[in-house]
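Below are the chains, spelled out letter by letter.
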Amino acid sequence: AQKVTQAQTEISVVEKEDVTLDCVYETRDTTYYLFWYKQPPSGELVFLIRRNSFDEQNEISGRYSWNFQKSTSSFNFTITASQVVDSAVYFCAFRPRGATNKLIFGTGTLLAVQP
Amino acid sequence: DTEVTQTPKHLVMGMTNKKSLKCEQHMGHRAMYWYKQKAKKPPELMFVYSYEKLSINESVPSRFSPECPNSSLLNLHLHALQPEDSALYLCASSQERSGNSYEQYFGPGTRLTVT
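Sequence order as written defines the numbering, with residues in each chain counted from 1. Chain letters start at A and ligand numbers start at 1, both assigned in the order the entries are written. Thresholds applied to this predicted model are a pLDDT of at least 70 for local features of residues and 80 or more for the giving and counting of side-chain atom pairs; totals over whole chains, interfaces and linings are not thresholded and use all residues. As a convention, hydrogens and water are excluded, and side-chain values are obtained from all of the structure's heavy atoms.

Just checking my understanding: could you explain the interface of chain A and chain B for this structure?
Quoted interface sizes are often the accessible area lost when the parts come together. The partner chain B presents 25 residues to the 22 residues of chain A that form the contact. Buried area, as used here, totals the accessible surface that two parts lose on assembly, with accessibility defined by a 1.4 Å probe and the loss added over both. At the boundary of chain A with chain B, total buried surface from both sides reaches about 1900 Å², with 50% on carbon and sulfur atoms. In terms of surface lost to chain B, no three residues of chain A exceed Leu 45, Asn 101 and Phe 105 of chain A, which account for 28% of the buried area on that side. Put simply, a salt bridge is a Lys or Arg side-chain nitrogen that is within 4 Å of an Asp or Glu carboxyl oxygen. Here chain A and chain B share two salt bridges between them. A salt bridge links Lys 102 of chain A to Glu 58 of chain B; the nearest nitrogen and oxygen atoms lie 2.8 Å apart. The way it works is that DSSP assigns letters per residue, a run of H or I at least four long becomes a helix, a run of E at least two long becomes a strand, and they are numbered from the N terminus. Secondary structure elements with two or more residues in the side of chain A that touches chain B: strand 5 (32-39), strand 6 (46-52) and strand 10 (88-96) of chain A. By residue number, the principal contributor to the side of chain A that touches chain B is strand 5 of chain A, which donates four residues. Only Asp, Glu, Lys and Arg are considered charged in this grouping, and only Ala, Val, Leu, Ile, Met, Phe, Trp, Tyr, Cys and Pro are considered nonpolar; every other residue, Gly among them, is considered polar. When grouped by side-chain class, the residues that make up the side of chain A that touches chain B number nine nonpolar, eight polar and five charged. Only heavy atoms matter for contacts: two residues are in contact if any of them lie within 4.5 Å across the pair.

Encoded structure:
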């Protein structure tokens, strides 16, 4: 079965702290895609990153960075020097390669950044 | 421009009403999606349209009826809903090419309350 686990239900940090959101996935596929989305209180899901299974390079975008490790089936997301505007629910999602367009979402991690 | 628009933003309807949710994108995407999201849960896929044809129906009750009039528009017709159908309804779109996976871009959602 294919599954995405975000074990951290809620995380609370103080502004300027670094925080890592964990994502672990299960699959027997060799080709697949991983995503992170941010959902602020307004409700819209904002796309952050897509990673293909054959590309294990880590990625940095400003204060955001992603660590993809196939060996541990993890795709963790780190926010450096967190800000209040980072407060949101973050979803990790998985999609196997194939004809369907179905994303498998994790249960989400609620990040609260306190001023 | 990675914008998906949805109208209305909020909708309150009685169980005997008929209403429609609308979604529009101008990114040239050929896949469009409807999701339902309950509070503190990840989005659940309802329908997928690929090249204006319904490709996935996740066993959604017939009181929800999707329609894709053209490649830019997606509607969700609602009839005889139940209070448990109250949720945030999200529309999304993505590129479509067989064997590849592209990120989905989401609209701001319609908050539906069924009374």
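More follows now that the structure is in view.
How should I be thinking about the pattern of salt bridges in this particular structure?
Pairs can form between side chains of opposite charge whenever their charged atoms are close. A complete count under the given rule lists eight salt bridges over all chains for this structure. Here Arg 63 of chain A and Asp 86 of chain A are joined by a salt bridge, their closest N and O atoms 2.8 Å apart. Of this pair, Arg 63 of chain A sits in the loop between strand 7 (59-61) and strand 8 (64-69) while Asp 86 of chain A sits in the loop between strand 9 (74-79) and strand 10, placing them 23 residues apart in sequence. Look at Asp 86 of chain A and you get buried, because its relative accessible area is 0%. For Glu 52 of chain B, the salt bridge identified is with Arg 30 of chain B, shortest N-O distance 2.7 Å. Whether a residue is buried, partly exposed or exposed follows from its accessible area with a 1.4 Å probe, protein chains only, as a fraction of its type maximum: under 20%, in between, or over 50%, in that order.

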